[in-house]
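Summary of the model geometry
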Amino acid sequence: MTYDEVLSELEARADPDSLAGMARFGITPARALGVRLPALRRLARRIGTDRALAAHLWEEGVRETQILASMVDDPAQVTEDQMESWAAEFSYWEICDQVCMNLFARTPLAWAKALEWSARPQEFVKRAGFVLMACLAVSDKKAADGAFEPFFPLIERQSDDDRTNVRKAVNWALRQIGKRNPSLWRQAVAVARRLASGGDRTSRWIGRDALKELTSEAVRERLQIE
């Protein structure tokens, strides 16, 4: 599909009435059409992989074009400069999470950027670091436990960041790593307990919320933990 054809399809599916609902959930792009994610995924499947189109769509700067760009780009060809450039434009949680899930977590640089970005001061770049940790815990089935263990000190170190978009991502990363297998579960639970009993309010929230899920009957049963 050409760039103009894609824009025409997006405009045809625009739903301005949905924008107010998105805003209530913190989805606040500067420009948006209101197209829902399932429709974007269907369109991405029709397009296939198209790196040149992805670059053009990202530059358009509309919520839907940027999410679609993350769906049709080629993760094998994504460069570090591109990751840094796109991450610098993250300004709300949805675009951060979609780009990380659809594209960045599938690149060879995902592990390094998870470590690097989690220490950055910018709110959504920092969030992206922890979102990558969560995504890798779910998607990289072949990764050894040792690949995830360096994430635990970063989770503890950054657990006092009280910005909502950061603390929720830190919590997400801890929970997803802990749900991967019994060994990582034990390490994640130990981290969560330390945070839950600590002196910082945000750290305590992260620890208690993570413990609630990690020690739930459903998780313990799935991991066969007595």
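The notes below deal with the structure included here. Quick caveat, the model's predicted, so the values are computed rather than measured.

Take the pattern of salt bridges next. According to the stated counting rule, one finds 19 salt bridges in the structure shown. For Asp73, the salt bridge identified is with Arg51, shortest N-O distance 2.9 Å. Separated by 22 residues along the polypeptide, Asp73 in the loop between α5 (63-72) and α6 (80-88) and Arg51 in helix α4 (residues 51-60) bring together distant segments of the chain. A salt bridge links Glu213 to Lys179; the shortest N-O distance between them is 2.6 Å. Pair noted here: Glu213 is in helix α14 (residues 201-214) and Lys179 is in the loop between α12 (164-178) and α13 (182-196), with a separation of 34 residues, a long-range link.

Our focus in this paragraph is the nonpolar core. Grouped together as the largest cluster of nonpolar side chains are 75 residues, with contacts concentrated most on Leu68, Phe90, Phe104, Ile155 and Leu174. By residue number, the principal contributor to this core is helix α9 (residues 123-139), which donates 10 residues. Dropping the residues within four chain positions of it, Phe104 is found in contact with Met83, Trp86, Phe90, Val99, Ala110, Trp117 and Leu132.

Here we take up the packing of helix α1 (residues 3-12) against α5. As a packed pair, α1 and α5 sit with axes 11 Å apart at the nearest point and diverge in direction by 125 degrees. Classified by the angle between their axes, α1 and α5 sit oblique to one another. In this structure, α1 crosses over α5, and the sense of that crossing is right-handed. Here Val6, Leu7 and Leu10 of α1 lie close against α5, whose contacting residues are Glu64, Thr65 and Leu68. Per-class residue counts for the contact of α1 with α5 are four nonpolar, one polar and one charged.

Moving on, we get to the packing of aromatic side chains. Taken as a whole, this structure holds seven aromatic pairs when the rule is applied. Here Trp58 and Trp86 contribute two aromatic rings whose centre-to-centre distance is 4.0 Å and whose plane-to-plane angle is 5 degrees, an arrangement assigned as stacked. Highlighted residues: Trp58 in helix α4 and Trp86 in helix α6, separated in sequence by 28 residues. Per residue, the accessibility class of Trp58 equals that of Trp86, and both read buried. Measuring from centroid to centroid gives 5.0 Å for Trp111 and Phe148, while their planes differ by 65 degrees, and the two rings are edge-to-face. Remark: Phe148 occurs in helix α10 (residues 145-148) and Trp111 occurs in helix α8 (residues 110-117); sequence separation between them is 37 residues. Judged by its relative accessible area of 21%, Trp111 falls in the partly exposed class. Among the aromatic residues, those joined into a cluster by ring pairs are Trp58, Trp86, Phe90, Phe104 and Trp117. Arg167 extends its terminal NZ or CZ atom over the ring of Trp205, reaching a point 4.5 Å from the ring centre.

Moving on: the side chain of Asn165. Positionally, Asn165 belongs in helix α12. Overall, the relative accessible area of 18% leaves Asn165 in the buried class. A distance of 2.9 Å separates a polar atom in the side chain of Asn165 from a polar atom in the side chain of Glu123. Dropping the residues within four chain positions of it, Asn165 is found in contact with Trp93, Glu123, Phe124 and Arg127.

Looking now at α8. What α8 keeps buried is the set Ala110, Lys113, Ala114 and Trp117. Burial along α8 is one-sided: seen end-on, the buried residues are contained in an arc of 105 degrees. At its buried positions, α8 is contacted by α6, α9 and α11 (151-157).

Calculation criteria
All residue numbers here refer to positions counted from 1 along the written sequence of the relevant chain. Since the coordinates come from a predicted model, pLDDT governs what is reported: local features require at least 70, and pairs of side-chain atoms require 80 or more to be given and counted, while whole-chain, interface and lining totals use all residues. In computing side-chain properties, one takes all heavy atoms of the structure into account and sets aside hydrogens as well as water. Here a salt bridge means any side-chain nitrogen of Lys or Arg lying within 4 Å of a carboxyl oxygen belonging to Asp or Glu. The helix and strand labels rest on DSSP assignments: H or I over at least four residues marks a helix, E over at least two residues marks a strand, and numbering proceeds from the N terminus. Think of a nonpolar core as a cluster: buried Ala, Val, Leu, Ile, Met, Phe, Trp, Tyr and Cys residues, connected wherever their side-chain atoms sit within 4.5 Å. Buried means the residue's accessible area, taken with a 1.4 Å probe over protein chains only, is under 20% of the maximum for its type, while exposed means over 50%, and partly exposed covers the values in between. Throughout, a residue-residue contact means that at least one pair of heavy atoms, one from each residue, lies within 4.5 Å. Between N-to-C directions, angles span 0 to 180 degrees; the directions come from axes that are lines fitted to C-alpha atoms, helices contributing only their stretch in contact. The cut-offs work like this: below 35 degrees is roughly parallel, past 145 is roughly antiparallel, 65 to 115 is roughly perpendicular, and the gaps in between are oblique. The sense of a crossing depends on the near helix, which, turned anticlockwise from the far helix by less than a right angle, makes the crossing left-handed and, turned clockwise, makes it right-handed. Residues were grouped as follows: Ala, Val, Leu, Ile, Met, Phe, Trp, Tyr, Cys and Pro as nonpolar; Asp, Glu, Lys and Arg as charged; and all remaining residues, including Gly, as polar. Note on aromatic contacts: the rings of Phe and Tyr and the six-membered ring of Trp form a pair at centre separations within 6.5 Å, being stacked when their planes are under 30 degrees apart, edge-to-face when over 60 apart, and tilted otherwise. Our definition puts a charge over a ring when NZ of Lys or CZ of Arg is within 6 Å of the ring centre and also within 35 degrees of the ring normal. We call two N or O atoms a polar contact when they sit within 3.5 Å, provided that within protein one can donate a hydrogen and the other can accept it, with sequence-adjacent residues counted only if both atoms are side-chain atoms. Within this analysis, the arc is defined by the directions that extend from the helix axis to the C-beta atoms.

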